[in-house]
Amino acid sequence: MRAGLYVHIPFCRRKCFYCDFPAFSGRRPGAVFRYVQALRREIQMVAEALSGGDYPAGRSGPERAGALAGEPGREPARAFSSVYFGGGTPTYLDTDQLITLLETIRETLPLEEDAEITVEANPDPATLTPEKLQALASCGVNRLSLGAQSWQNHHLRALGRDHTAEQTEEAAAKARAAGFANLNLDLMYALPGQTLGEWQRTLERALALSPEHISAYSLIYEEGTPFHRWLQGGRIRPVDEEEERAMYDLAYALLPQAGLEPYEISNFARPGYESRHNLLYWQYENWWGVGVGAHSHFANRRWRNWTTLDRYEAAVAQGILPVAESIELSLEDEMVEMILMGLRLAQGLDGGAFHERFGVTLDEVYGPIIDRLVDGGFLARTAGGGLRLTGEGRPVGNAIFAEFLDPVPVFRRNGSATRPVLRGGFR
Ligand code: SF4
């Protein structure tokens, strides 16, 4: 059983037009200072919770976490194997603030010696200076994730990004000079008006920087964002499905040729450089998120922090974990979530891990559905009773995932064992 720590820094110089993350623009230094102080206090509260102490739990938050423990019969994690500073723009903080947070984590929480420590950054030189990069590298940050997104400046402007393609190249050079040997570039495709040729140039220019990892996501028009409004109002037109599929296929053709293998639907890495932190999500392990709007999943519980600075800071000031809502997952919830996450991986869902967690095999629960999808060529069986999407299944992954949602067999906990009780009509 492994666990990661996610640290949310909710500040950006300005808000991108497609962004629905908890990220605030134009905050003054005083507000940023207060937030960093609150974050340090929350990290201390997490340490207290993990050491088994009782703590107030928000409205319905977790009551007792135990020593990084999970469920009866499961091996507890000894320490966090990864730390991920995400945002927002973590490098919006000044160097001293970032180092203070890193020191607080190291002094307060159990961290594996070789933990992967990632910081997300925007390429704009106002927030990413050579001095900051050098300080981060010398404090043990060993992975940098740059939000490059596109190599066409007109697309960057249209997205509301506050950097240019040239600044992305300069940022990558600064990161290498500071000693970062593990560099990720985030890219986006299916942008309004984007051509296949432009996407190809973006991929080629990104590869010219020899990154160890690339994340390539299609643009999503999230409700509540300017992009969603503009789409509804006809001001922007999405690329059509065929074009989007061609862009996806192009990434799958070009990136492996350059040594970056797809290990998750949208993520490519040189062997050994897969994101250890993100693998925790896809392998359905544990993560504790601190900061505004951060999500957590520990054992059979999932919770979310307050999404406004005021409520978040008020809770922390009272010595209360800033949990806005929390649910205890049923066994059905956990099974579905583990399947949906695991099938995103190229190696697929680990049948042994599923059996170890639930005491039953995938086939015992989903036999007829699996048989049908395997016969249709969308899923393949893997060694150890696991499953993976095939080349046919990957582009229609969402439809495949939906097959596992309904009907759902009902399981009940019975001590540390599980006992299947199937709803009528299934099997
Ligand atoms: S930089 Fe990232 S977090 Fe900040 S506004 Fe843009 S997309 Fe959102």
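Positions within a chain are numbered from 1, following the residues in the order the chain's sequence is written. Reporting in this predicted model follows two pLDDT cut-offs: at least 70 for local features of residues, and 80 or more for side-chain atom pairs to be given and counted; totals over whole chains, interfaces and linings ignore these cut-offs and use all residues. Just so you know, side-chain values use all the structure's heavy atoms and leave hydrogens and water out.

Engineer: For the site of the ligand, give the residues involved together with the corresponding values.
Structural biologist: All residues in the neighbourhood of the ligand are listed as Cys-12, Arg-14, Lys-15, Cys-16, Tyr-18, Cys-19, Phe-21, Ala-23, Gly-87, Gly-88, Asn-122 and Arg-161. Think of it as three bins: nonpolar holds Ala, Val, Leu, Ile, Met, Phe, Trp, Tyr, Cys and Pro, charged holds Asp, Glu, Lys and Arg, and polar takes everything else, Gly as well. Partitioning the shell around the ligand into residue classes produces six nonpolar, three polar and three charged. One heavy atom suffices: a residue is near a molecule or strand as soon as one of its heavy atoms comes within 4 Å of it.

Engineer: Lay out the nonpolar core with the relevant residues and their values.
Structural biologist: Among buried residues, the Ala, Val, Leu, Ile, Met, Phe, Trp, Tyr and Cys ones that are joined through side-chain atoms within 4.5 Å form a nonpolar core. Only protein chains enter the accessibility calculation, which uses a 1.4 Å probe. A residue is then buried if its area is under 20% of the maximum for its type, exposed if over 50%, and partly exposed in between. One finds Trp-288 and Phe-404 to be the most contacted residues of the largest nonpolar core, which totals 105 residues. Going along the chain from the N terminus, every DSSP run of H or I of four or more residues is numbered as a helix, and every run of E of two or more is numbered as a strand. With 11 residues, the single largest contributor to this core is helix α1 (residues 29-50). When we break this core down by domain, the ones giving at least three residues each are domain 1 (3-282) and domain 2 (331-421). By size, the runner-up hydrophobic cluster in this structure holds 11 residues, among which are Cys-16, Leu-191, Leu-219 and Trp-230. Domain delimitation in this document rests on an assignment produced automatically or drawn from a domain database.

Engineer: Could you give an account of the packing of aromatic side chains, with specific residues and numbers?
Structural biologist: Pairs of aromatic rings are described using the distance from one ring centre to the other and the angle between the two planes. For Phe, Tyr and Trp, where Trp contributes only its six-membered ring, two rings pair if their centres lie within 6.5 Å, and the inter-plane angle classes them as stacked under 30 degrees, edge-to-face over 60, or tilted in between. Applying the stated criterion across every chain yields a total of 17 aromatic pairs. Plain terms: the ring middles of Phe-354 and Phe-358 are 4.8 Å apart, the flat faces sit at 55° to each other, and that makes the pair tilted. Taken together, the residues span about one helical turn, with Phe-354 and Phe-358 both in helix α12 (residues 351-358) at a distance of four residues. Exposure remark for Phe-358: the relative accessible area of 1% places this residue in the buried category. Through successive ring pairs, a cluster of aromatic residues spans Phe-17, Tyr-18, Tyr-221, Phe-227 and Trp-230. Should the NZ of a Lys or the CZ of an Arg lie within 6 Å of a ring centre and within 35 degrees of the ring normal, that charge is described as sitting over the ring. Between the NZ or CZ atom of Arg-235 and the centre of the ring of Trp-230, over which it lies, the distance is 4.0 Å. The side chain of Arg-311 reaches across the aromatic face of Trp-306, ending 4.0 Å from its centre.

Engineer: Give me the packing of helix α11 (residues 331-342) against α12: which residues, what numbers.
Structural biologist: Closest axis-to-axis distance for the α11/α12 pair is 12 Å, and the angle between their directions is 170°. Viewed along their axes, α11 and α12 adopt a mutual orientation that is roughly antiparallel. Counting all contacts with α11, which are made through Leu-331, Glu-334, Met-335, Met-338 and Ile-339, the residues of α12 involved are Ala-353, Phe-354, Arg-357 and Phe-358. Between the N-to-C directions of two axes lies an angle of 0 to 180 degrees, each axis being a line fitted to C-alpha atoms and, for a helix, fitted only over the stretch in contact. Note on angle classes: values under 35 degrees are labelled roughly parallel, values over 145 roughly antiparallel, values of 65 to 115 roughly perpendicular, and the remainder oblique. Here, residues are in contact when the closest pair of their heavy atoms is within 4.5 Å.

Engineer: With reference to specific residues and values, describe helix α6 (residues 196-208).
Structural biologist: Take the residue count of a helix, subtract one, and multiply by 1.5 Å to get its expected span. For α6, built from 13 residues, the straight-helix expectation of 18 Å at 1.5 Å per residue is met to within 8% by its first-to-last C-alpha distance of 18 Å. Where α6 is buried, its residues meet β6 (143-149), α4 (153-159), β7 (183-189), β8 (213-218) and α8 (241-257).

Engineer: An account of unusual backbone geometry is needed here, citing residue identities and associated values.
Structural biologist: Omega for the bond connecting Gly-87 with Gly-88 falls within 30 degrees of zero, at 20°, which places this linkage in the cis form. Residue Ala-190 is not a glycine yet carries a positive backbone phi of 65°. For Ala-190, the location among the structural elements is in the loop between β7 and α6. Residues other than glycine seldom take positive phi values, yet Tyr-284 does so here, at roughly 60°.

Engineer: I'd like a rundown of the pattern of salt bridges, residues and numbers included.
Structural biologist: Working definition: two side chains of opposite charge can pair if their charged atoms are close together. Take a side-chain nitrogen of Lys or Arg and a carboxyl oxygen of Asp or Glu: if they are within 4 Å of each other, that pair is a salt bridge. All told, the structure shown has 16 salt bridges when counted by the stated rule. One salt bridge in this structure joins Arg-301 and Glu-328, with 3.5 Å as the shortest N-O distance. One end of the pair, Arg-301, is in strand β13 (residues 301-305); the other, Glu-328, is in strand β14 (residues 323-328), and 27 residues separate them in sequence. With a relative accessible area of 52%, Glu-328 lands in the exposed category. The partner of Asp-371 in a salt bridge is Arg-381, with the nearest N and O atoms 2.8 Å apart. Remark: Arg-381 occurs in strand β15 (residues 379-382) and Asp-371 occurs in helix α13 (residues 362-375); sequence separation between them is 10 residues. Looking at Asp-371, the relative accessible area reads 38%, which means it is partly exposed. Given the relative accessible area of 41%, Arg-381 is considered partly exposed.

Engineer: So what's going on with the environment of Asp-94? Residues and values would help.
Structural biologist: Examined against the element boundaries, Asp-94 turns out to sit in the loop between β4 (80-87) and α2 (95-108). Given a relative accessible area of 40%, Asp-94 falls into the partly exposed group. Note: C-alpha distance between Asp-94 and Thr-129 (35 residues apart in sequence) is 10.0 Å. Here a polar contact is recorded for every N or O atom pair within 3.5 Å, except that within protein the pair must consist of a potential hydrogen donor and a potential acceptor, and residues adjacent in sequence are included only if both atoms are side-chain atoms. From its side chain, Asp-94 meets the backbone nitrogen of Gln-97 in a polar contact 2.9 Å long.

Engineer: Lay out the confidence of the model for the chain with the relevant residues and their values.
Structural biologist: You can read pLDDT as the predictor saying how much it trusts each residue, on a scale of 0 to 100. Of all residues in the chain, 89% attain a pLDDT of 70 or more, and the chain-wide mean is 89. Counting interchain partners and residues more than four positions distant, the pLDDT-below-50 stretch residues 54-73 has 62 contacts.

Engineer: Tell me about the pairing of β13, and name the residues and values.
Structural biologist: A one-sided burial pattern is seen for β13, the buried positions being Arg-301, Trp-303 and Asn-305 and the unburied ones Arg-302 and Arg-304. Should DSSP find at least two bridges between two strands, the strands are regarded as paired. Judged from the four bridges that link them, strand β12 (residues 295-298) and β13 form a sheet pairing that is antiparallel. Residue pairing for β13: Ser-296 is matched across the bridge by Trp-303. With five bridges connecting them, β13 and β14 associate as antiparallel partners. Looking at β14, one finds that Arg-304 is bridged to Glu-325.

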